[in-house]
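An overview of the molecular structure
Each chain, letter by letter, is given below.
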Amino acid sequence: MRQCVRVPGGLGVLWALTVCVLVLCVAPAAPHPQCLDFKPPFRPLRELQFCIMYKEFGCCDFEKDQQLRAKYYRIMDNFDYYGYANCAGFVLEMICQECSPFAAHLFDAEDPTTPVRTIPGLCPDYCSQFWNKCRSTIPLLSDDPHIAEVKEDRTRLCRYLELDDADYCYPHLLSDQKLTLNLGRVQSDVDGCLQLCLEEVANGLRNPLAMVHANDGTHRFFVAEQVGLVWTYLPDRSKLEKPFLNITKVVLTSSWEGDERGFLGLTFHPKHKYNRKLYVYYSVEVGFDERIRISEFQVSAHDMNVVDHASERVILEIDEPASNHNGGQLLFADDGYLYIFTGDGGMAGDPFGKYGNAQNKSALLGKVLRIDVDNNSRGPLYRIPPDNPFVQDWGARPEVYAYGVRNMWRCSVDRGDPRTKEGKGRIFCGDVGQNKFEEIDIIEKGRNFGWRAKEGFSCYDKKLCANSSLDDVLPIYAYPHTMGKSVTGGYVYRGCEYPNMNGMYIFGDFMSGRLMSLQEDRNTGTWKYNEVCMGKGMTCAFPGLINNYHQYIISFAEDEAGELYFMSTGVPSATSPSGVVYKVVDPSRRAPPRHCHYDPLPVRVKSNLIKFVPQETLTGLEQPRKAKPQPQPTDSSDWLQELVDRLGLPDGATPPFANHNHQTPPAERQTQKRSNRNGECPRAPEWNVVCRQLGFTRALKAAKNSEFGEGKDLRILLDDVQCDGTESSLLDCQHTGVGTNNCAHYEDAGVICGTSGHIIEV
């Protein structure tokens, strides 16, 4: 995290080897657009008529724009023609800053605990112009008693209206390209990694591997644990104390990390609101055999939040020759049929039979199955859809819809573009690889997805791969095991709240914890890859947002409104309660206020409720707080002055920090700059001592050649310091003494301190 070091007098001293020393403040690492409601800006649905400078993107909708217009005329009605001519522009600009994409910064209200300014933060030159021409408008613009006290003194007023972070003062922020470049778009770092954030939704779960909704208007969501429990959550994220479903006694799993057996999937019937049906996919043991079972249940007629366990009907059972590659996805596609995604039977390389299970259309393993479960109260529990591709192939099972899959883990149906419906009905799947590649597929009727002949785009079984009759469909994307070793399929985002993410397929990797995205080029049909990173610096500094998650990404989900979630855990065991559900958030742009509003249908609750309490926190950043007066310490220790006193300054030199208190808060001492006479990188031991003295545990990264900027207005001192890295203070290191220097500011180096476990980078 980069923050300014605020040392009264403008100078602090750090030392290492032969060092030219300075402290300087660093500009924000990335822009942080934020509105006064502590949320990202948006594009208004209706064009603004008053604050037209923000009609394309900002923090005002048409209703707010009209309120500001009325406020403007109430103020200007107090002035004659001369007053209008001189002050109308100033008043309009200051009133309209509530619509700025950076309104929270302009009004010094980056978090809900701080009072909002009544006048936005002004740059000194603009403030002086305003005061000279229009100070008579101040009582009409603000009821702040302190402003009323200082309004006749230009210097005091403009100092009061300054911002701690001068980068955001008006109007200079309008011309700052660091703030305005790509404003309103998903931000990315220099490597193209998209900067997104998260919101914690549920926690304390044991390997949460599915989250679904009933599509019944209640906006409840149901989270399944691998052990065989399913929990009900209400729209306010409170959890019902009584489980929705409990089949732990029959589900086959264990506490071993990485055990692939257990409760693996569930889905609600598209007409659940009327027939109360749902379907589950789980592992069972029958005698000495392990099987996967697909069962139908009904919700209790007396409690919509509890399954009638006696209603279970086994739709299908398939023998599993090994304990891994069990598949587990169930879903209803737009055609109303139930899709079942099975694994190839396990072990490695699909060794079953001459060509393996996946290429054998007479086996149900390694397949995408499609069945009709409607109107099954009497007669067979399921029927074969008449247009299934192999119903006329006597050597194939009629349930087979597609084949040649290894172990598809998590599939989803694309809702389609909210406006054009483009992409609607596509089924995306992540297929876990063997030794080299993971892949993302779009399911096509009757097609061969290649396994075990191919893995990703490459050949796995060279003999099968060379077979001219293979006729396989290639994945839309595949990645090597240097990036991850177990893909977790995701969803195409089609929600309302974050328009920039529309059409973005977001998925992950269970082993590496990597989040990834694909975006289709409509002209070429190809897919562009971008990694997804958690927002750095201030990017996720919004109330309730976090920028970290547990490594093992188990599954993805969407709620009834189409918003995107994923589940991960810190310990991949069916008995470890370290699982968390996260909502994916784009901090760069949101939908206009009230545009995504919905009213959930009421839910009659017969169980006790467990209120949701977030456990995760934003890392790498201390939330901004208003400075509060602090009592003066009775016994202060100025280590900087003490160090210079010990070393001695050259004759005639005056400490540039004389008569100042250098006891800045540790949270403000996170970035320090220095340069090395010979242009060499300082060694880690000295940097670690520097960070330890500032209240942090270690140095995270060192930089050189003024990467953080040049402190041209700051004085340079020179010393030769030797530390072994164990010292608690620079006072304990060996010093040569302060002397003359021939250093230049373009050589400035610096360090980022922190408390994480990362080692120092130079």
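The text that follows walks through the structure, step by step, so that each part is easy to find. (Residues numbered from 1 in each chain as written. Predicted model: local features only at pLDDT ≥ 70, side-chain atom pairs only at ≥ 80, totals over all residues. Heavy atoms only, no water.)

Looking now at the overall build of the chain. When its secondary structure is counted, the chain shows twelve helices and 35 strands. Per-residue burial over the chain gives 55% buried out of 762 residues. For the chain, the share of sequence-separated contacts (at least 6 apart) that also reach a separation of at least 24 residues comes to 64%. Accessible surface, the chain as shown: approximately 33,700 Å² in total, 49% of it carbon and sulfur. (Helix = DSSP H or I, 4+ residues; strand = E, 2+ residues; numbered from the N terminus. Buried < 20%, exposed > 50% of the residue type's maximum accessible area, 1.4 Å probe, protein only. Contact = heavy atoms within 4.5 Å. Areas by Shrake-Rupley, 256 points an atom, 1.4 Å probe, with all protein chains shown as cover.)

Sheet architecture is open: four strands sit in the order S12-S13-S14-S15, paired in antiparallel fashion. Either end of the sheet is taken by a strand with one partner, and the two such strands are strand S12 (329-332) and strand S15 (400-403). Here the average twist between neighbouring strands, direction ignored, is 20 degrees. As paired elements, S12 and strand S13 (residues 338-341) share four bridges and run antiparallel to each other. Paired with Gln329 across the strands is Phe341, a residue of S13. (Pairing = 2+ DSSP bridges. Axes fitted to C-alpha atoms, helices over the stretch in contact; angles between N-to-C directions.)

Throughout the structure, instances matching the rule amount to twelve disulfides. Across the disulfide from Cys723 sits Cys733; the S-S distance is 2.0 Å. Across the S-S bond linking Cys723 and Cys733, the dihedral sits near 110 degrees, which makes this disulfide right-handed. Of this pair, Cys723 sits in the loop between strand S33 (717-722) and strand S34 (734-735) while Cys733 sits in the loop between S33 and S34; the two residues are ten residues apart in sequence, bridging distant segments of the chain. Residue classification places Cys733 among the buried residues on the basis of a relative accessible area of 6%. (Disulfide = S-S within 2.5 Å.)

Let's shift gears to the packing of helix H4 (residues 124-134) against helix H7 (residues 154-161). At a minimum axis separation of 10 Å, H4 and H7 run at an interaxial angle of 135 degrees. Here H4 is positioned oblique relative to H7, judged by the angle of their axes. The handedness of the crossing between H4 and H7 comes out as right-handed. Facing Cys127, Ser128, Trp131 and Asn132 of H4, the residues of H7 in contact are Arg154, Leu157, Cys158 and Leu161. Within the contact of H4 with H7, the residues separate by chemical class into five nonpolar, two polar and one charged. (Parallel < 35°, antiparallel > 145°, perpendicular 65-115°, else oblique. Left-handed = near helix turned anticlockwise from the far one by under 90°. Nonpolar A, V, L, I, M, F, W, Y, C, P; charged D, E, K, R; others polar.)

Attention shifts here to the packing of helix H2 (residues 81-96) against H4. Taken N-terminus to C-terminus, the directions of H2 and H4 make an angle of 135 degrees; their axes are 10 Å apart at the nearest point. Comparing the axis directions of H2 and H4 gives the class oblique. For the pair H2 and H4, the crossing hand works out as left-handed. Here Asn86, Cys87, Phe90, Glu93 and Met94 of H2 lie close against H4, whose contacting residues are Tyr126, Gln129, Phe130, Lys133 and Cys134. In terms of residue class, the contact of H2 with H4 is made up of six nonpolar, two polar and two charged.

This part takes up H2. Here H2 contains 16 residues, and its C-alpha end-to-end distance of 22 Å stays within 8% of the 22 Å for a straight helix at 1.5 Å per residue. Of all the positions in H2, only Gly83, Cys87, Ala88, Phe90, Val91, Met94, Ile95 and Cys96 are classed as buried. The inward-facing, buried residues of H2 contact helix H1 (62-76), H4 and helix H5 (138-141). At the N-terminal end of H2, a side-chain oxygen is found 3.2 Å from the backbone nitrogen of Tyr82, two or three residues along, and the residue is Asp80. (Expected span 1.5 Å × (residues − 1). Polar contact = N/O pair within 3.5 Å; in protein donor to acceptor, adjacent residues only side chain to side chain.)

A few words now on the sheet that holds strand S18 (residues 437-442). Pairing in this open sheet of four strands is antiparallel, and the strands run S16-S17-S18-S21 from one edge to the other. The open sheet has two free edges, formed respectively by strand S16 (408-413) and strand S21 (477-480), since each of these has just one partner strand. On average, adjacent strands in this sheet sit at an angle of 15 degrees to one another, irrespective of strand direction. Looking at chain direction, S16 and strand S17 (residues 427-431) are connected through four bridges and run antiparallel. Residue pairing in the sheet places Cys411 in a bridge with Cys429 of S17.

Under the counting rule described, the total for this entry stands at 37 salt bridges. With its nearest N and O atoms 2.9 Å apart, the salt bridge here joins Arg313 to Glu296. Of this pair, Arg313 sits in strand S11 (residues 307-320) while Glu296 sits in strand S10 (residues 289-299), placing them 17 residues apart in sequence. Relative accessible area serves as the criterion here: at 3%, Glu296 is assigned to the buried category. Among the charged side chains, a salt-bridge network with shared partners connects Arg291, Arg293, Glu317 and Asp319. (Salt bridge = Lys/Arg side-chain N within 4 Å of Asp/Glu carboxyl O.)

Time to look at the environment of Val605. Relative to the helices and strands, Val605 is located in the loop between strand S29 (579-585) and strand S30 (609-610). When its relative accessible area of 32% is taken as the criterion, Val605 is described as partly exposed. Sequence-wise, Val605 and Leu234 are 371 residues apart; in three dimensions their C-alpha atoms are separated by 9.7 Å. Discounting chain neighbours no more than four positions away, the residues touching Val605 are Leu234, Leu240 and Asn305.

Looking now at the pairing of S10. Looking at chain direction, strand S9 (residues 277-286) and S10 are connected through ten bridges and run antiparallel. Bridge pairing in S10 links Val280 to Ser295. Where S9 hands over to S10, the hairpin turn is made up of two residues, of which Gly287 adopts a positive phi near 65 degrees. Judged from the nine bridges that link them, S10 and S11 form a sheet pairing that is antiparallel.

Assignment of secondary structure puts Asp144 in the loop between H5 and helix H6 (145-150). For the buried Asp144, which has no salt bridge, the nearest side chain bearing the opposite charge is Arg117, at an N-O separation of 7.8 Å. Sequence-distant contacts of Asp144, that is, excluding residues within four places in its chain, are made with Thr118 and Tyr160. (Lys, Arg positive; Asp, Glu negative; His and termini not counted.)

Enumeration over the complete set of coordinates arrives at 26 aromatic pairs. Ring centres 6.0 Å apart and planes at 40 degrees place the aromatic pair Phe244 and Phe268 in the tilted group. You can see Phe244 sitting in the loop between strand S6 (239-240) and strand S7 (245-246) and its partner Phe268 sitting in strand S8 (residues 263-268), a full 24 residues away along the chain. On the numbers, 5.7 Å between centres and 80 degrees between planes, the contact of Phe428 with Trp527 is edge-to-face. Here Phe428, found in strand S17, pairs with Trp527, found in strand S25 (residues 527-534); they are 99 residues apart in sequence, far enough to count as distant. Here the aromatic cluster, defined as three or more aromatic residues joined through ring pairs, consists of Phe428, Tyr477, Tyr479, Tyr505, Phe507, Trp527 and Tyr529. Across the ring face of Phe62, the terminal group of Arg46 is positioned such that the distance to the ring centre comes to 3.7 Å. Geometry around Trp409 places Arg410 over its ring, the cationic atom sitting 3.9 Å from the centre. (Phe/Tyr/Trp six-rings, centres within 6.5 Å; stacked < 30°, edge-to-face > 60°. Lys NZ or Arg CZ within 6 Å of the ring centre and 35° of its normal.)

The subject of this paragraph is unusual backbone geometry. Residue Pro171 is bonded to the preceding Tyr170 through a cis peptide linkage, with omega at 5 degrees. Note that Pro171 resides in the loop between H7 and helix H8 (177-180). Put simply, Trp451 and Arg452 share a cis peptide bond, and its omega is 10 degrees. Positionally, Arg452 belongs in the loop between S18 and strand S19 (454-455). At His325, a residue that is not glycine, the phi angle is positive and equals roughly 55 degrees. Assignment of secondary structure puts His325 in the loop between S11 and S12. For His325, a relative accessible area of 5% gives the class buried. With a phi close to 65 degrees, Lys421 is a non-glycine residue in the positive phi region.

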